[in-house]
Protein chains: 2
Amino acid sequence: MSPPVTAHAAWLPPEAFRPLGSRRVLVHGAGGLVDTVFDEVARACAAYGGRARRSGDPAGDPVAGGAGAGPADAAVDLVLALRGTGHLPAPAARAARVDGAPGDEGFLLTMSGGVPVVLADAPAGLLYGLFHLVRLGESAFDAALPTRWHRPAMPLRMLDHWDNVDVHPVMGQVERGYAGGSIFWRAGAARRDLARLRDYARLLAASGVNAISVNNVNVHGTEARLLTDRLGDVAEIADVLRPYGIRVHLAVTFAAPVVLGGLPTADPLDERVRGWWAAVTRQVYARIPDFGGYLVKADSEGQPGPFSYGRSHADGANLLADALAPHGGLVHWRAFVYNHHQDWRDRSTDRARAAHDHFAPLDGRFRDNVVLQVKSGPIDFQAREPVSPVLAAMPATRLAVEFQVTQEYTGQQRHVCYLGPAWSEVLRFAPWGPGRRTVADVAAGEPGAPGGGLVAVANVGDDPFWTGHPLAQANLYAFGRLAWDPELDPLAILDEWISLTFPPTTTGDPELVHETLHAMMDDSWRGYERYTAPLGVGFMVRPGDHYGPDVDGYEYSRWGTYHFADRDGVGVDRTRATGTGFTGQYPPPWSAVYESAHRCPDELLLFFHHVPYRHVLRSGSTVIQHIYDTHFAGVEQVRAMRDRWRLLDGLIDGAVHGRVTERLDEQVRSATEWRDQINTYFFRKSGIPDERRRRIY
Amino acid sequence: MSPPVTAHAAWLPPEAFRPLGSRRVLVHGAGGLVDTVFDEVARACAAYGGRARRSGDPAGDPVAGGAGAGPADAAVDLVLALRGTGHLPAPAARAARVDGAPGDEGFLLTMSGGVPVVLADAPAGLLYGLFHLVRLGESAFDAALPTRWHRPAMPLRMLDHWDNVDVHPVMGQVERGYAGGSIFWRAGAARRDLARLRDYARLLAASGVNAISVNNVNVHGTEARLLTDRLGDVAEIADVLRPYGIRVHLAVTFAAPVVLGGLPTADPLDERVRGWWAAVTRQVYARIPDFGGYLVKADSEGQPGPFSYGRSHADGANLLADALAPHGGLVHWRAFVYNHHQDWRDRSTDRARAAHDHFAPLDGRFRDNVVLQVKSGPIDFQAREPVSPVLAAMPATRLAVEFQVTQEYTGQQRHVCYLGPAWSEVLRFAPWGPGRRTVADVAAGEPGAPGGGLVAVANVGDDPFWTGHPLAQANLYAFGRLAWDPELDPLAILDEWISLTFPPTTTGDPELVHETLHAMMDDSWRGYERYTAPLGVGFMVRPGDHYGPDVDGYEYSRWGTYHFADRDGVGVDRTRATGTGFTGQYPPPWSAVYESAHRCPDELLLFFHHVPYRHVLRSGSTVIQHIYDTHFAGVEQVRAMRDRWRLLDGLIDGAVHGRVTERLDEQVRSATEWRDQINTYFFRKSGIPDERRRRIY
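Everything numeric here is computed off the predicted structure, so don't read it as measured data.

### Focus on the overall build of chain A
Right, so step 1: When its secondary structure is counted, chain A shows 22 helices and 22 strands.
Right, so step 2: Here chain A has a C-alpha radius of gyration of 26 Å; the compact-globule value for 697 residues is 26 Å, and the two agree.
Right, so step 3: Counting only C-alpha atoms and orienting by the principal axes, one finds that chain A spans roughly 85 × 65 × 55 Å.
Right, so step 4: With 697 residues in all, chain A has 66% of them scored as buried.
Right, so step 5: Excluding contacts between residues fewer than 6 apart, the proportion of contacts in chain A whose partners are at least 24 apart in sequence is 71%.
Right, so step 6: Just so you have it, chain A exposes about 23,800 Å², and 52% of that area is on carbon and sulfur atoms.
Right, so step 7: Each charge sign in chain A was given a centre, from 70 positive and 81 negative side chains, and these centres are 0 Å apart.

What follows is the structure in structure tokens.
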């Protein structure tokens, strides 16, 4: 065991609680999450000289049981109140007259008699209201504070941890983890570092996340047993997360009835199998009454699934859904199913088509408590992909959009790459054309037909900064915020994150610090895109670890990830006219836009088309010149980023500055390597010199 | 522990001893190795009805002490006699009049009074004579048997095992091992499977090998300690090898004085360091009096070395040589030193130059008991390389040529690739021009200036067939035989190996079996060359495991292994005129031959020159058409090989047939993959179609 490490405060430094903690705060209501709210308030007040009081808690508060208006009102600067637990304090009672309903997790924020009031109908709403106040800071106490109902757009805001219990010989403790070990598991055992876990839950709640799955979707031997004899480990985690409104989910293996239950089959239509899942699930809920449900990667990259029994993925998902339904649990069923033993010589198979080919025909066949979890793009979390057509193809299915917060293909938390703008683009994408429903709408669902919300692969580990690269915290934060409200401007979220994480009162030259961070990060995703794989081509990474360039690394492999660059041109022809027909999986207008090499957006051109190097982009540049220009520009951008960062030396926390400095050096090195390999590769192939005669090796 | 496995008999099946074992054999002489000879004879006679007798052993033989001629003579069909131990039996005494001297390991074979006689001056000679008789079979008893002195051309015929004691997390139990685990070590401990080890020693002696190093040249923590507190393990191995005339060597880390001795330095000129090595070496010899010496990989691929102390490799090697000299030990010092952190953008550095650049200036500065171990080619055991120029550059240094029997870059014992012809080409190469000294001459040395002999990286493991692929046994056999006599025809060695391993009396249709094996194997190395990397270009393998094609896999890496293929041409310009100047490391005539793209042998063209795809080879074909033609032909060759092999089903041992069948399937698959990737890669780059319009993907 290594010594305990005090983890970085991330977006909840004590200083962020000063505005609240220096005031007289009344918390009204009863129940676990109200206790959490009160504890937060009390801690803040203890630190910054305010005063925390409670009412409405029959269990022990002297004010409980009808104190109502009176001396309490006079002494209060802020009220957080839960309706339905005793008489509301006066400001809250007045606020309660505002029309509307917050739902399970929402809250009203209003100024009532000069006092800001957070009013909720359920404890979770009060908690989210509290963290909203923290984000607002002093402006929460502005007399002009607008009255507004806050409700999450998405009912499900979930993180998937790809954490292994045992250290996997190839993938390690955390598959695709770039932030040290797992916060849950170490070398085969639960870590039981409950303080750290509680800090994590608190950060997640403050970002808006309300569910996490605690083990890798590739479920190996030990991990499978979390469902049965190691369930106690999961229950322990659930106990820590519960006070922050976070439910625990578990990734399970479809073969569990065989590997754990000793049955001869895992056939979803076999009664013994159905009985086994029902019984096991009952035991789970007996131990964890608010258990969230199961997450399944089936028939994918070697994981078992219903195909083994000649059954459909609807059969498979519904099996688990039926076991979970009596308890209110959900199945998250991943749509990431494709042939990972493809022959590069076979041009008829297109991995991009796979999820749609497999799942679209199953629309309407899934139970109501099945969430089909669809990766945001058709391939695999590349820096740039089109939006998955599955998201527009299954109106009668509850769809979740899956993002990857862990930066597997976007610099692995060694590169600054703020992904908020990328996710925002996906969420704002309107598959049926401008002005119609967006991907966010699909994930949010409609009244009576809730969506599957957002899911993301987590990026934290036991690293002192949580995320390896301190600035990668912003991705986790932005994911939660976008899941709560996908219409937020990702750059506004960035500002929010900067203000919380680097409170102006704790830095030298607060304006410079804020501006610098913003300038480094706001365009960093497009910067990463510039110096890596151009025009949506993807997968030019080193096989295995996926870090650094290897243009042909996946070109002749079984993974279905090709670019087909030759001496004349580059890109994958996915048109209906001459290619794999993938463009036909989109509804109009995109089916037509993507089909046309001239209408297709530049940044996706090579995803959809194989074009000559001298093809003229919509930008006016040629493909080859675009490759050169963006790669030179990308490196310049990273160098400028590093130069900017140097200015902050001494102005912010030294440990953060040191860690980021070290990573920026690596980012400059790596970006330069990307630039040179990509430029050389395409110069060698095309023979076309850079118009500006810059150095290509 | 897995259950004991009976290992395959390889080239010493019982049947090979029938001619000898069915006769009356007299063994004359005393001493350990004579006991070995007698035991071999006695076992053969017990099996095949002959009679084994001894004389000349004062310890216990009734015939000892002057029996001389007499009844013994009449009853003898074969005599193996050591001079100098009592009166020789009559046929041997007559034979002893033949002029000449066999030296320490040689022997005379002659027909004396109708009886074949093996006569030796030292016990090892008698042992080699015995195995020579086994090779000859019935023809040893032919009245026309010519009288001939047999002496090894090379004093040192050594195998290096890259076996780890601990399982290395990346490299496993045996680095670059393709035949299961180590025969010496398992999971951190000595295996102590002495029966298996004895079988191995016997096979080696029968091939001519007389030295082995028992641990990986990359010396990790546990392995370092074989020199000190784990020396007992080495002594135990030495005890098993000794009766077969094989000395044990040990790979040591140059940092041993620091990591084992606790000294602050390993500086070769530091007196404490010199004292430490002297003392440790004394202890080694106290335990293993016939210990062979140390093998060192220094300043290479991360191993420590004298460069850390600003000392030369002569200083480093001489340090160990001085410690070993009092005991008659040798240092094998590897010349495999190069910059393995090269930047692909730097065209001025050429890995091919490195060994010569580092070592040639040190000629004459090494002690007499230093053997500089030089890889046969300038890079790293590729299917085709020129001969290392170091072998012609250090007349005042004792040079060994290092081959790789383990098929790291030649199919990893999944492909049939008989390497005898490749090694023979190297050994027959005359660096100073036709008719002058050959590489074999350099390795053999001259009277008064012994050479360093041949060394090879071993290919055996605990696989039941020793080498994974049963036919890969031929490589081990051929190495030993070529080390004994580099003038042997490698195809004659192949025949010898086939006859021994598949004795005609044990197979159905012996002629078909022999012909088939010969036809499959004789040209298999060139076949491998055909379907893999063309024209000497090298290193188009998958990084890390080095199996299968990845044309650009090492193109942008730090290992100095480039081909520079672009849309116009391919190859490395190593000329003096316009390239790295590597050609200048050769003496005339090769310096001029290699410098000229028109005189350079086709098979090395791309090693020395960057040429256009339409460059016309000496063969009359263009480079690009040669690439296509050889790749199609190579696959056809492998398919034909598999077809031939099918004919042997039922005619030879089923286990051997089954294993080879399985590997041939993989070879066909892999060769096809090579063909298609290489052809597609170069078609995409060159745009030049195959003249014969065969399918290129």
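Structure's up, so let's keep going.
### Observations concerning the confidence of the model for chain A
Residue and element names in this part refer to chain A.
Right, so step 1: Counting all residues, the mean pLDDT for chain A is 95, and 97% of those residues have values of 70 or more.
Right, so step 2: In this model, residues 62-73 is a region of pLDDT below 50 whose contacts with residues beyond four sequence positions or in other chains number 15 contacts.
Right, so step 3: The ipTM for the predicted assembly is 0.90, set against a pTM of 0.93.

### Quick look at the nonpolar core
One recurring pattern in soluble globular proteins: nonpolar side chains tend to sit buried together.
Right, so step 1: Membership of the largest hydrophobic core comes to 214 residues, with the highest contact counts inside it found for Leu80(A), Leu159(A), Tyr200(A), Trp277(A) and Trp333(A).
Right, so step 2: Not counting residues up to four positions away in its chain, the partners in contact with Trp277(A) are Leu227(A), Val252(A), Thr253(A), Phe254(A), Ala256(A), Pro257(A), Tyr294(A), Leu319(A), Leu320(A) and Ala323(A).

### Quick notes on the relation of the copies chain A and chain B
Right, so step 1: Overlaying chain A on chain B yields an RMSD of 0.0 Å, the required transformation being a rotation through 180 degrees with an accompanying axial translation of 0.0 Å. The superposition operator between the copies reduces to a two-fold rotation axis.
Right, so step 2: Taken together, the interface assignments show that 100% of the residues at the interface of chain A recur at the interface of chain B, consistent with an identical surface on both copies.

### What to know about the sheet that holds strand β3 (residues 78-82) of chain B
All names here are of chain B.
Right, so step 1: Across the sheet, 6 strands lie side by side as β2-β1-β3-β5-β4-β6; this open sheet has mixed pairing. Edge strands, defined here as strands with exactly one partner in the open sheet, are β2 (51-55) and β6 (148-150). For this sheet the average axis-to-axis angle between neighbouring strands, irrespective of direction, equals 20 degrees.
Right, so step 2: Packing against the sheet, helix α2 (residues 32-48) makes contact with β1 (24-28), β2 and β3, and its axis sits at approximately 160 degrees to β2.

### Digging into the interface of chain A and chain B
Right, so step 1: Contacts between chain A and chain B engage 22 residues on the former and 22 residues on the latter.
Right, so step 2: Between chain A and chain B the total buried area reaches about 2,200 Å² when both faces are included, carbon and sulfur atoms providing 47% of it.
Right, so step 3: Together, Arg345(A), Arg567(A) and Arg684(A) form the three largest contributors to the area buried by chain A at its contact with chain B, with a combined 37%.
Right, so step 4: Joining chain A to chain B, the criterion identifies 6 salt bridges.
Right, so step 5: Run the count over chain A and chain B and you get 15 residue pairs in polar contact (both at pLDDT 80 or more).
Right, so step 6: Counted by class, the side of chain A that touches chain B contains 6 nonpolar, 5 polar and 11 charged residues.

### Digging into the environment of Pro14(A)
Right, so step 1: Examined against the element boundaries, Pro14(A) turns out to sit in the segment before α1 (18-21).
Right, so step 2: In this structure the C-alpha to C-alpha distance between Pro14(A) and Gly32(A), which are 18 residues apart in sequence, comes to 23 Å.

### Structural notes on the sheet that holds strand β15 (residues 330-334) of chain B
All names here are of chain B.
Right, so step 1: Spatially, the 8 strands close up into a barrel ordered β7-β12-β13-β14-β15-β16-β17-β20, and their pairing is parallel. Strand-to-strand twist of the sheet, defined as the mean angle between neighbouring strand axes without regard to direction, takes the value 25 degrees.
Right, so step 2: In terms of strand pairing, strand β17 (residues 398-404) meets strand β20 (residues 453-457) through 5 bridges, oriented parallel. Bridging across to β20, alanine 400 finds its partner in glycine 453.
Right, so step 3: Sitting on the sheet, helix α8 (residues 231-241) is in contact with β12 (211-213) and β13 (247-251), with an inclination near 150 degrees to β13.
Right, so step 4: Sheet strands touched by helix α13 (residues 420-428): β17 and β20. Its angle to β17, the strand with the most contacts, is close to 160 degrees.

### Section: the packing of aromatic side chains
Right, so step 1: By the definition in use, this model includes 62 aromatic pairs over all chains.
Right, so step 2: Consider the rings of Trp497(A) and Phe502(A), whose centres lie 5.9 Å apart with planes at 80 degrees: the pair is edge-to-face. We note that Trp497(A), like Phe502(A), is buried.
Right, so step 3: The positively charged end of Arg196(B) is found above the aromatic ring belonging to Trp466(B), 4.0 Å away from the centroid.
Right, so step 4: For Arg414(B), the ring lying beneath its charged end belongs to Tyr547(B), and the centroid distance is 4.0 Å.

Rules used in this analysis
Residues numbered from 1 in each chain as written. Chains lettered and ligands numbered in written order. Predicted model: local features only at pLDDT ≥ 70, side-chain atom pairs only at ≥ 80, totals over all residues. Heavy atoms only, no water. Helix = DSSP H or I, 4+ residues; strand = E, 2+ residues; numbered from the N terminus. Rg over C-alpha atoms; globule rule 2.2 N^0.38 Å. Buried < 20%, exposed > 50% of the residue type's maximum accessible area, 1.4 Å probe, protein only. Contact = heavy atoms within 4.5 Å. Areas by Shrake-Rupley, 256 points an atom, 1.4 Å probe, with all protein chains shown as cover. Lys, Arg positive; Asp, Glu negative; His and termini not counted. Charge placed at Lys NZ, Arg CZ, Asp CG, Glu CD. pLDDT = per-residue confidence, 0-100. Core = buried A, V, L, I, M, F, W, Y, C linked by side-chain atoms within 4.5 Å. Least-squares fit on C-alpha atoms with pLDDT ≥ 70 in both. Pairing = 2+ DSSP bridges. Axes fitted to C-alpha atoms, helices over the stretch in contact; angles between N-to-C directions. Buried area = accessible area lost by both parts, 1.4 Å probe. Salt bridge = Lys/Arg side-chain N within 4 Å of Asp/Glu carboxyl O. Polar contact = N/O pair within 3.5 Å; in protein donor to acceptor, adjacent residues only side chain to side chain. Nonpolar A, V, L, I, M, F, W, Y, C, P; charged D, E, K, R; others polar. Phe/Tyr/Trp six-rings, centres within 6.5 Å; stacked < 30°, edge-to-face > 60°. Lys NZ or Arg CZ within 6 Å of the ring centre and 35° of its normal.

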